[in-house]
Amino acid sequence: MPAVDTVPSGALRNLRVIDLTRVWAGPLGTRTLGDFGAEVIKVSDPRIPLSRVGKVNDKLNRNKLNIAIRLDKREGRNILLDLVSIGDVVIENFRPRVVRNLDITYEKLIEANPNLLMCSMPGFGLDGPYSEYPAFGSTAEAMAGINSMIGYVPDRPLQTGLSYADPISGLNLVNVILAFARRRSVTGKGSFIDLALADSPLGTLGEFFVANSATGYMQHPNGNLHSQYSPHGVFKCFGEDKWIAISITSHFQWERLKDEINDIRLDNADYSNISGRKTHEQAIIRIIEEWTSGKDAAELMGRLQAQGIPAAKVSNNLDVLEDSHLNEREYFAYFKTPEEKVEKYDGQAIPGNQKERSKWFSMRNLGEDSSSIVMGYLGYSKDKYISLLEQEVIS
């Protein structure tokens, strides 16, 4: 008889996170903590609506309670300090001077909670000549050197289009919180973590730093081509804006692809090794695209994969939502809008002891949990709560 799993759902169910983050990197990291059961309390500014346009906020702020506090007012700061006193983790991504101006530095917060874990996520860290520069994922990826390697022509680098530094930094946040929470469970001591947004993508580029320092090699934009493999790229398929990605990394795969295409021109002896294929790459690409242009991308992917050839259709957002593989694996999460419409969102790609999906909840409205947190968690009287509302300290 198989053993019964008696472990409660939500590995982080005993962790309370005070979330002061905005935009993408920080909210993605705190959302992930919430997906695994952490109680995340998002602190919002009552003067700034949580826009639902584009659904970015909805995507990033599920599984979070919401309290709206004016941190620039003394009474609002006192509420935050009371929250910190009953919390485990504080995460913020302001510019360093903002934290100092609000007087919510780590040194101040540990007066309320000596065992606090605090992670600051400024654009360029808390010190150094760039420390007070504002940053977004798009500018951070540029500073990291990523954009210099992306593009179709050498004199026009491209951004990734998804602000690559943001998701990398958000996932790094999860890693450091788990590591330092474990450290605290052993030592009983809190910690401060300086996690710079612009530093995070650097960890994905190590081989280029080594190559340059050792040989002077400089990576330049090269479209969809690969420095070591060929053919490698994205090829037009039948229909409007339909494409397939193919990556040939071995002689076996090349022979299988030749068999599938069945074009005598590919039997050229110059194409039999990687060096020759790199030399004649554009000619090979033209032949392959003549073949793929009349094929359905999804069907062709299945056909090539059946022959052991790495291939994937290029999916747009709708394709991803309707993908049979992802839906069979129950990847997506479903939430109701305030109008009771069911919407489909990305789930949680990190496996593990997540909070039960039935207990996930959509983004709260601005200040939706203010009363329950202030009076319930913090024990303020109803009269004091009403007074704070009247003073526009909270909403």
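Chemist: Please explain the pattern of salt bridges as it appears in this structure.
Modeler: For side chains bearing opposite charge, pairing can occur when the charged atoms are close. Enumeration over the complete set of coordinates arrives at 23 salt bridges. Here K258 and E255 are joined by a salt bridge, their closest N and O atoms 3.6 Å apart. Of this pair, K258 and E255 both sit in helix α9 (residues 251-261), 3 residues apart, roughly one helical turn. For K258, a relative accessible area of 16% corresponds to the buried category. The partner of R364 in a salt bridge is E368, with the nearest N and O atoms 4.0 Å apart. Take R364: its relative accessible area is 22%, and that puts it in the partly exposed class. Several salt bridges converge on common partners, so that one network encompasses R31, D35, R62 and D346.

Chemist: Which parts of the structure should I look at to understand the nonpolar core?
Modeler: Soluble globular proteins tend to pack their nonpolar side chains together in the buried interior. Of all hydrophobic cores here, the largest spans 31 residues; its most connected members are I67, I79 and L83. Of all the secondary structure elements, the ones that give two or more residues to this core are β1 (16-20), β2 (39-44), β3 (64-68), α3 (74-85), α4 (96-102), α5 (106-112), α15 (370-377) and α16 (382-390). In terms of residue count, the dominant contributor to this core is α3 (5 residues). Here I67 is in contact with I41, K42, V43, S44, I79, L83, G367, S370, I373 and V374, once residues within four sequence places are set aside.

Chemist: What am I meant to see in the packing of aromatic side chains here?
Modeler: The description of an aromatic ring pair rests on the distance of the ring centres and on the angle between the ring planes. Here the structure, examined in full by the defined rule, presents 6 aromatic pairs. When the centroid spacing of 5.3 Å and the interplanar angle of 40° are considered together, the rings of Y106 and F192 count as tilted. Pair noted here: Y106 is in helix α5 and F192 is in strand β6 (residues 191-194), with a separation of 86 residues, a long-range link. The exposure class assigned to Y106 is buried, which follows from its relative accessible area of 16%. For the pair F124 and Y133, a centre-to-centre distance of 6.1 Å together with 85° between the ring planes defines the contact as edge-to-face. What makes F124 buried here is its relative accessible area of 15%. Look at Y133 and you get partly exposed, because its relative accessible area is 45%. In textbook terms, an aromatic cluster arises when at least three aromatic residues are bridged by ring pairs, as seen for F124, Y130 and Y133.

Chemist: Could you clarify how one ought to interpret the sheet that holds strand β8 (residues 243-247) in this entry?
Modeler: A sheet is described by the order of its strands in space; here 3 strands give the open sequence β7-β8-β9, paired in antiparallel fashion. Here the strands that pair on one side only, and so sit at the sheet edges, are β7 (232-236) and β9 (311-313). The sheet shows a mean angle of 20° between the axes of neighbouring strands, taken without regard to direction. Taken strand by strand, helix α12 (residues 297-306) contacts β8 and β9, and its axis lies near 165° from that of β9.

Rules of the game
- Residues numbered from 1 in each chain as written.
- Predicted model: local features only at pLDDT ≥ 70, side-chain atom pairs only at ≥ 80, totals over all residues.
- Heavy atoms only, no water.
- Salt bridge = Lys/Arg side-chain N within 4 Å of Asp/Glu carboxyl O.
- Helix = DSSP H or I, 4+ residues; strand = E, 2+ residues; numbered from the N terminus.
- Buried < 20%, exposed > 50% of the residue type's maximum accessible area, 1.4 Å probe, protein only.
- Core = buried A, V, L, I, M, F, W, Y, C linked by side-chain atoms within 4.5 Å.
- Contact = heavy atoms within 4.5 Å.
- Phe/Tyr/Trp six-rings, centres within 6.5 Å; stacked < 30°, edge-to-face > 60°.
- Pairing = 2+ DSSP bridges.
- Axes fitted to C-alpha atoms, helices over the stretch in contact; angles between N-to-C directions.

Interpretation note: all reported values are geometric properties and have no functional meaning in isolation.
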